[in-house]
Amino acid sequence: MPDPILAHVRQHQSKIVDLIRQFVECESPSDDPGAVDRFVELVSDAATPIGKVKTVRARGFGRHLTCELGLPGRKKTGQVLVLGHSDTVWPIGTLRTMPFRESGGRLWGPGVLDMKAGIAFVLFAARALRDLETPVASKVLLQLNSDEEVGSTSSRELTEKNARRSKAVLVMEPGTGLDGRLKTARKGVGDFTIVIRGKASHSGVDFEAGASAIVEMARQVNHLASFTRIDRGITVNPGLITGGTRTNVVAAEARVDVDIRVRRLKDAPVLERKFRALRPFDRRCSIEVTGGLNRPPMERSPEIVRLFRLAQSLGEQLGVKVEESQTGGGSDGNFTAALGIPTLDGLGAVGEGAHAANESILTARIADRTALAAKLLAAL
């Protein structure tokens, strides 16, 4: 006999697809607060019948949204926080070249995987619990941040405040791979900017009077590469270099922006000290280093494993094999896990192509992922 929640969700799958379509066709890039606010309004309209919606202003970004879901069950003990984000990496107008469409057993479009489908899943998970009058023991708070794709600078405080009030956090980011593995560990993420200042001179007339910031930067970048320790999960990526003015001028300034990733929090201070200790090879040059870790790692703890095992057992009831993964990418779950709150990530859609032209989700996995979210909320 099929699981009643799964059966209910399957009956409503066309409605879920329709809501995903509405979400995808409301473009919401991080750097366009007005566009994000329009999307938040759309989510509010969908969530209002099933919960108490509030929005929070964020300077420079669209509004953050929270919704206390009205779920069955008389007595609520503790809180479960469900995290998502309303922003995408796609600029306004992307729909002209990447329109929402349904073909080949998939839904396609900008933001469909990361992570508008996941938001629709939560709302329909709540509807299923309400329609089936399935008791839920905990208060459930849905929070959507408007700046996750650009570092969560304005939402982090709200996320951590609500996480401290919660006994568990469920993150509706997409799963890993086409089997949709959940995420029990994520690397911490940081950025450093290194500016080197040398001395300009005419490269033909007065070459020796100059001190090239570009030559110095080349030596520094080679040194930075030695900070990577794959065996420890530490990567250092000089991702963007700029410098100089003309080919016939010895460069007076150069800059490199560096991405760092760490698997363990204890490795971050060691890596930061190495950056702060950089010294010029050419003493005529100076070095300025700014930045640091901005997302702590989500380390695989016993509490996270217990939460994953619960999801695994609930998946068995749905006839789905639930597996785990670790990833180098960060999410807002990094913040909650670093507080010691059991956090399970990757509960959203199953698909591929996040941030890429082939962004898509598998329609065959819509029902079981929505049902798994509902069963987790009921079990917690």
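Being a predicted model, the structure only gives us computed values, none of them experimental. (Residues numbered from 1 in each chain as written. Predicted model: local features only at pLDDT ≥ 70, side-chain atom pairs only at ≥ 80, totals over all residues. Heavy atoms only, no water.)

An account of helix α8 (residues 302-317) is needed here, citing residue identities and associated values.
Over its 16 residues, α8 runs 23 Å from end to end, which matches the ideal 22 Å to within 8%, given 1.5 Å per residue. Looking at α8, one finds that the buried residues are Ile-304, Val-305, Leu-307, Phe-308, Ala-311, Leu-314 and Gly-315. Those residues of α8 that are buried are in contact with β7 (168-171), β8 (182-186), β15 (324-327), α9 (333-338), β16 (343-344) and α10 (366-379). Positive backbone phi, approximately 75°, marks Gly-319, located one or two places after α8. (Helix = DSSP H or I, 4+ residues; strand = E, 2+ residues; numbered from the N terminus. Expected span 1.5 Å × (residues − 1). Buried < 20%, exposed > 50% of the residue type's maximum accessible area, 1.4 Å probe, protein only. Contact = heavy atoms within 4.5 Å.)

Help me get a handle on the packing of α8 against α10, residues and values and all.
Each pair of packed helices can be described by the angle between their axes along with the distance between the axes. α10 packs onto α8 with a crossing angle of 125° between their chain directions and a minimal axis gap of 10 Å. In this view, α8 runs oblique relative to α10, as classed from their interaxial angle. The hand of the α8/α10 crossing is right-handed. In contact with Leu-310, Ala-311, Leu-314, Gly-315 and Gln-317 of α8, α10 contributes Leu-372, Lys-375, Leu-376 and Ala-379. When the residues that make up the contact of α8 with α10 are grouped by side-chain class, the tally is six nonpolar, two polar and one charged. (Axes fitted to C-alpha atoms, helices over the stretch in contact; angles between N-to-C directions. Parallel < 35°, antiparallel > 145°, perpendicular 65-115°, else oblique. Left-handed = near helix turned anticlockwise from the far one by under 90°. Nonpolar A, V, L, I, M, F, W, Y, C, P; charged D, E, K, R; others polar.)

Account for the pattern of salt bridges, naming residues and giving values.
Evaluation of the coordinates by the stated rule reveals 20 salt bridges. For the salt bridge of Asp-179 with Arg-181, the shortest nitrogen-to-oxygen distance reads 3.0 Å. Residue Arg-284 is joined to Asp-282 by a salt bridge in which the shortest nitrogen-to-oxygen separation is 3.0 Å. Salt bridges here are not isolated pairs; linked through shared partners, they connect Glu-148, Arg-295 and Asp-332. (Salt bridge = Lys/Arg side-chain N within 4 Å of Asp/Glu carboxyl O.)

Please give an account of a positive patch on the surface that cites residues and values.
Where like charges cluster on the molecular surface, the positive patch consists of Lys-52, Lys-54, Lys-139, Lys-161 and Arg-165. As for its placement among the helices and strands, Lys-139 is situated in strand β6 (residues 139-145). Residue classification places Lys-139 among the partly exposed positions, given a relative accessible area of 31%. (Patch = residues over 30% accessible without salt bridge, like charges linked within 9 Å, V, L, I, M, F, W, Y side chains within 5 Å. Areas by Shrake-Rupley, 256 points an atom, 1.4 Å probe, with all protein chains shown as cover. Lys, Arg positive; Asp, Glu negative; His and termini not counted. Charge placed at Lys NZ, Arg CZ, Asp CG, Glu CD.)

An account of the pairing of β6 is needed here, citing residue identities and associated values.
With six of seven residues buried, β6 is to be regarded as a mostly interior element. In this structure, strand β3 (residues 79-85) lies alongside β6, joined through seven bridges in parallel fashion. From the neighbouring strand, Val-82 faces β6, where its bridge partner is Leu-142. (Pairing = 2+ DSSP bridges.)

Quick rundown of the environment of Arg-57? Include the residues and the values.
With respect to the helices, strands and loops of the structure, Arg-57 is situated in strand β1 (residues 51-58). Owing to a relative accessible area of 71%, Arg-57 belongs among the exposed residues under this scheme. Through-space distance from the C-alpha of Arg-57 to that of Asp-37 is 9.9 Å; in sequence the pair is 20 residues apart.

Give me unusual backbone geometry: which residues, what numbers.
Note that the residue after Asp-114, namely Met-115, is joined by a cis bond; omega there is -5°. With respect to the helices and strands, the residue Met-115 is situated in helix α4 (residues 112-131). Residue Ser-152 is not a glycine yet carries a positive backbone phi of 60°. With respect to the element layout, Ser-152 can be found in the loop between β6 and α5 (156-164). The phi dihedral of His-355 is positive, around 65°, even though this residue is not glycine. On the secondary structure map, His-355 appears in the loop between β17 (351-352) and β18 (360-362). For His-355, a relative accessible area of 42% puts it in the partly exposed group.

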